[in-house]
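The lines below spell out each chain.
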Protein chains: 2
Amino acid sequence: MRILIGNHIDDSIRLKSDMASAVQRILWFAADGDLVVLPAPPDEDFLHYVTALTGVDAATLRIHVPPPGRFEHRLLDPRTLTDPGFVRAVAADLDEVSEVFALWPSPQVARLASELGLSHRLPGAAFTRQGGGELANSKAHFRALAAGAGVATAPGAVCHTAEEAAQAMTGLLARTGAVVVKQAHNGSGNGNEIVFAGDAPASGHVGARHLRRLGPGAVERYWSERWAWASAEGRFPVVVECLVPDAESLFTEYLVSDDAVLPTECGVLSYVGRRLDHQSVPLRHLGVDPAVLESLVTQGARLAQVYRAIGYRGFMSADAVADQAGVVRFTEMNAHVSGSVHIYDVIANRIVGVSAQPRRTVAEYAAPACWGTGGMRGFLATAQAIGCHYDPARRIGAILSAPIPAPRDGGPGEPAGLTQPAELAELAEIMVCLAYDTEETRDKLYERLDREFAAQSADPSCRPPY
Amino acid sequence: MRILIGNHIDDSIRLKSDMASAVQRILWFAADGDLVVLPAPPDEDFLHYVTALTGVDAATLRIHVPPPGRFEHRLLDPRTLTDPGFVRAVAADLDEVSEVFALWPSPQVARLASELGLSHRLPGAAFTRQGGGELANSKAHFRALAAGAGVATAPGAVCHTAEEAAQAMTGLLARTGAVVVKQAHNGSGNGNEIVFAGDAPASGHVGARHLRRLGPGAVERYWSERWAWASAEGRFPVVVECLVPDAESLFTEYLVSDDAVLPTECGVLSYVGRRLDHQSVPLRHLGVDPAVLESLVTQGARLAQVYRAIGYRGFMSADAVADQAGVVRFTEMNAHVSGSVHIYDVIANRIVGVSAQPRRTVAEYAAPACWGTGGMRGFLATAQAIGCHYDPARRIGAILSAPIPAPRDGGPGEPAGLTQPAELAELAEIMVCLAYDTEETRDKLYERLDREFAAQSADPSCRPPY
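Conventions used here
Residues numbered from 1 in each chain as written. Chains lettered and ligands numbered in written order. Predicted model: local features only at pLDDT ≥ 70, side-chain atom pairs only at ≥ 80, totals over all residues. Heavy atoms only, no water. Contact = heavy atoms within 4.5 Å. Buried area = accessible area lost by both parts, 1.4 Å probe. Salt bridge = Lys/Arg side-chain N within 4 Å of Asp/Glu carboxyl O. Polar contact = N/O pair within 3.5 Å; in protein donor to acceptor, adjacent residues only side chain to side chain. Helix = DSSP H or I, 4+ residues; strand = E, 2+ residues; numbered from the N terminus. Disulfide = S-S within 2.5 Å. Buried < 20%, exposed > 50% of the residue type's maximum accessible area, 1.4 Å probe, protein only. Core = buried A, V, L, I, M, F, W, Y, C linked by side-chain atoms within 4.5 Å. Least-squares fit on C-alpha atoms with pLDDT ≥ 70 in both. Pairing = 2+ DSSP bridges. Axes fitted to C-alpha atoms, helices over the stretch in contact; angles between N-to-C directions. Domains from an automatic or database assignment.

## Comments concerning the interface of chain A and chain B
Here's step 1: Every contact between the two is made by 34 residues of chain A and, on the other side, 34 residues of chain B.
Here's step 2: Between chain A and chain B, a total of about 2800 Å² is buried, with carbon and sulfur atoms accounting for 55% of that surface.
Here's step 3: Remark: the boundary between chain A and chain B carries zero salt bridges.
Here's step 4: Summed over the shared surface of chain A and chain B, the number is seven residue pairs in polar contact (both at pLDDT 80 or more).
Here's step 5: Of all the secondary-structure elements, those providing two or more residues to the side of chain A that touches chain B are α3 (107-115), α4 (125-129), α5 (132-137), α6 (139-149), β5 (156-159), α7 (162-176) and α9 (290-310) of chain A.

## Here we look at the state of the cysteines
What makes a disulfide is a covalent bond joining the sulfur atoms belonging to two cysteines.
Here's step 1: In this structure the tally under the stated criterion is two disulfides over all chains.
Here's step 2: Here A:Cys370 connects covalently by a disulfide to A:Cys462, the sulfurs 2.0 Å from one another. Linking A:Cys370 and A:Cys462, the disulfide has an S-S dihedral of approximately 75° and is accordingly described as right-handed. Here the residue A:Cys370 occupies a position in the loop between β15 (361-367) and α11 (375-385), and A:Cys462 occupies one in the segment after α13 (439-455), the gap between them amounting to 92 residues.
Here's step 3: Looking at A:Cys370, the relative accessible area reads 22%, which means it is partly exposed.
Here's step 4: Relative accessible area serves as the criterion here: at 0%, A:Cys462 is assigned to the buried category.
Here's step 5: No disulfide involves B:Cys159; its sulfur sits 12 Å from the nearest other cysteine sulfur, which is in B:Cys242.
Here's step 6: For B:Cys242, a relative accessible area of 5% gives the class buried.

## Considering the nonpolar core
Here's step 1: A:Leu303, A:Tyr307, A:Phe330, B:Leu303, B:Tyr307 and B:Phe330 are the most contacted members of the largest nonpolar core, which totals 67 residues.
Here's step 2: By residue number, the principal contributor to this core is helix α9 (residues 290-310) of chain B, which donates eight residues.
Here's step 3: Beyond its immediate sequence surroundings of up to four residues, B:Tyr307 is in contact with B:Ala136, B:Phe142, B:Leu145, B:Tyr312, B:Met316 and B:Met333.

## A word on the pattern of salt bridges
Residue and element names in this part refer to chain A.
Here's step 1: On inspection of all chains with the given rule, the structure shows 40 salt bridges over all chains.
Here's step 2: For the salt bridge of Asp-45 with Arg-377, the shortest nitrogen-to-oxygen distance reads 2.7 Å. Taken together, the residues span a long stretch of sequence, with Asp-45 in helix α1 (residues 44-54) and Arg-377 in helix α11 at a distance of 332 residues.
Here's step 3: Using a relative accessible area of 62% as the deciding quantity, one classes Arg-377 as exposed.
Here's step 4: Here Glu-193 ties to Arg-226 by a salt bridge, and the two come within 2.8 Å at their closest N and O atoms. Of the two residues, Glu-193 sits in strand β7 (residues 192-196) while Arg-226 sits in helix α8 (residues 219-230), which places them 33 residues apart along the sequence. Taken as a pair, Glu-193 and Arg-226 share a single burial class, namely buried.
Here's step 5: Taken together, the shared-partner salt bridges connect Glu-193, Arg-212, Glu-225 and Arg-226 into one network.

## Regarding the relation of the copies chain A and chain B
Here's step 1: Of the transformation placing chain A onto chain B, the axial shift is 0.0 Å and the rotation is 180°, giving an RMSD of 0.0 Å. In the structure described here, the two chain copies are related by an operation that fits a two-fold rotation axis. The C-alpha atom lying nearest the rotation axis in chain A is that of A:Arg235; the distance is 2.2 Å.
Here's step 2: Looking at the interface residues of chain A, 100% of them are also at the interface in chain B, so both copies use one shared face.

## Comments concerning the sheet that holds strand β16 (residues 397-400) of chain A
Strand pairing in a sheet takes place through backbone hydrogen bonds and is either antiparallel or parallel in direction.
Residues and elements named next belong to chain A.
Here's step 1: With antiparallel pairing, the eight strands of this open sheet are ordered in space as β14-β13-β10-β11-β12-β15-β17-β16. In this open sheet, the two strands that pair with only one neighbour each are β14 (328-334) and β16. Across the sheet, the axes of successive neighbouring strands diverge by a mean angle of 30°, strand direction being ignored.
Here's step 2: Contacts from α9 reach β10 (248-256), β11 (261-272), β13 (314-322) and β14 within the one sheet, and its direction differs from that of β10 by about 45°.

## Thoughts on the domain arrangement of chain A
All names here are of chain A.
Here's step 1: For chain A, the domain assignment lists domain 1 (2-131), domain 2 (155-242) and domain 3 (248-455).
Here's step 2: Distance from the C-alpha centre of domain 1 to the C-alpha centre of domain 3: 22 Å.
Here's step 3: On the domain 3 side, the residues contacting the 25 residues of domain 1 number 37 residues.
Here's step 4: Between domain 1 and domain 3, a total of about 2600 Å² is buried, with carbon and sulfur atoms accounting for 64% of that surface.
Here's step 5: At the junction of domain 1 and domain 3, the tally comes to one salt bridge.
Here's step 6: Summed over the shared surface of domain 1 and domain 3, the number is six residue pairs in polar contact (both at pLDDT 80 or more).
Here's step 7: Of all the secondary-structure elements, those providing two or more residues to the side of domain 1 that touches domain 3 are α1 and β4 (99-102).

Laid out in structure tokens, this is it:
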């Protein structure tokens, strides 16, 4: 059996708002008899939906929820992992454990493993316990490590003060007219802001929740306003780098062990209006230039070797952009179980079997929260009725990759500790995978679902473009 | 020719008070024709003293001082390294350059090298330019990298919030009764504070400028008071680790190149009352247990290999403690030209020739600033007169390793930007190397100098213990 820990970045690095849905993706990795730790009990419908697809007997899973801690089950409070009662309950529920597997390399996961006498079953335990997760996931340190490995990045700088950032931005804007400002720790484009000096750049492909146009001589003013945001109140260095125009966003993933760096899969991130619209896997089915794929995988592996050398173990996802000339430049490294692993490893490769003939591709969409799905059962019934649900015989159709979040009233029930209004948006997206043969099939599937669920929405403004 | 840059940690990481004297140690590395960058013109007497000992023609050195920048020549303002006029002046004064060599891996050094078209002559230029110097010199990241390499450290934790620090301290105090709190970026013990719960520990061997005794239940109060100091206003993580009692402080140094990690030398740091009293090299002449030396050098090399893997190039100094049982645990890595390189590489190995028969040892003392030396010439005349100056025939006696700082009145002339009162103390120490055969010789030399210069002091309280 394995211990699967459905956690996320520690709140001491980056306080998220609500991850109770997102971390349930760990259920895709469960096998019979596994022990699963979640911040809140899983959505029962989702649990049975996932296990039906993965062929697991849900009744054999040992679900453990630690005490609520500081976040009322919306987040996994890392401190609660070593709550004595919780540790006792987990210890009492174990057989022979082959691995401790966590979504994010928190020191508290390493402490839990240690208290269970299972440090040897947590790859990279010592590194993780001494804060290696922060180091390995920093977009700032990434730039130094990539430079050290001779891996291409966009021209840019790592800045420790607003003055350094202003100096870097002035130099880079003179060069390209548009830069990306990146927080060291954030995800899904929430921590990125595009700043441009002239006309708005062609930047729809970039994950960047924020966009700013600077008047002449406004760089210093920008930083006096934005340093606190960019540096998370001065806690982390800030990346300022050139925006690569008209580029394709790619990712390449690896599994890093003591002995090797194993390439797992690559994919594409498709942005619409600078927000992630969908991710597609595997890249090898997507008609990408073989030279780009080769450069992506080999440079990414060189990067992953550096992270292996410092002591990181587990899944890694390196993000990159390929420009019009096919030049691949890396933008960040995610040293945790990304939001892609369950898509390619479980849904695409194991459930759909994308490599079997006739081959398939899987795209995961972040559908609008306003869709009137009627919850998970409603979604599945409707998808079935309109012929869009996943059909194992044809290996085509929709699979929900995460629970459908309960609708929010936006009122007093809103979670506390929200650091960015933009983060609220990510709370309630509906994550739908489409397995397809051709892009035409994919687009038809999505349009049909969209038409149906937009029509069923209680919100009359729930119409594309969202 | 080489370009030698007498810099120090960037002020954006740690603002020092006055390094104008300390950085002149770079003159020990100069060869005929080298170009030397210093924040202020060097002490002429010291320049001629050093070059007389190293056999360099001082007239061939090309000394360049950048514009004053923000620190009035007390510190090297990194921004001034790319001042266009300064870059032009340096460029106009170059022949074929074999290496750019800086005391600290500042991104601005990499930018200067780039503007001179000499990036290929600065080892690790790309890593340095992207902020690798901060990463490689962090005492926090050190713990993760050491853990990843399987190199022993004292039990401890890397903390990102006061709450994490309190949790770690409570656990560690229960274990040992005394912990060391370390700032991620500081040096010479200024960034360390010993905190103990019971009686004061035997901790004279530790570099820790601060000492605190906690009453029961006072851990939270301690952190509400000290988190801002320890984290440099929240800017860096904080290390909390067990104090290793009754240990010897050792260091092991390496030169890291693209191809290899070359061990250079080891030494001992001797603390009196938790302040560095003297450092001694080479360790191999100091009667240390061969198993300790072996463990120190091989574990240190394993660590240095990790820093090589991430892209650092140049000198490295790993600090460690050896306990009574001979167990070696590492405490920090200094990824810059430490304050020991000129002592062992130039003074001990090249000038004194410590390995020649009869073999010698060199100890560098931080003598009290109140010594009445009458400046450098006075010091040398007196040392000569009382038979203590270095005698090349006997290879015994005193060598000044840094300029003697001008006496401070402590009044309005005090430097601005002083972040810690304790740092003032380090401004004005007198750095004296003693080359010796036996410890008896060494102690007699020091006592004679001390008696003489204490007697000549205008300050009647200038008497041991200082």
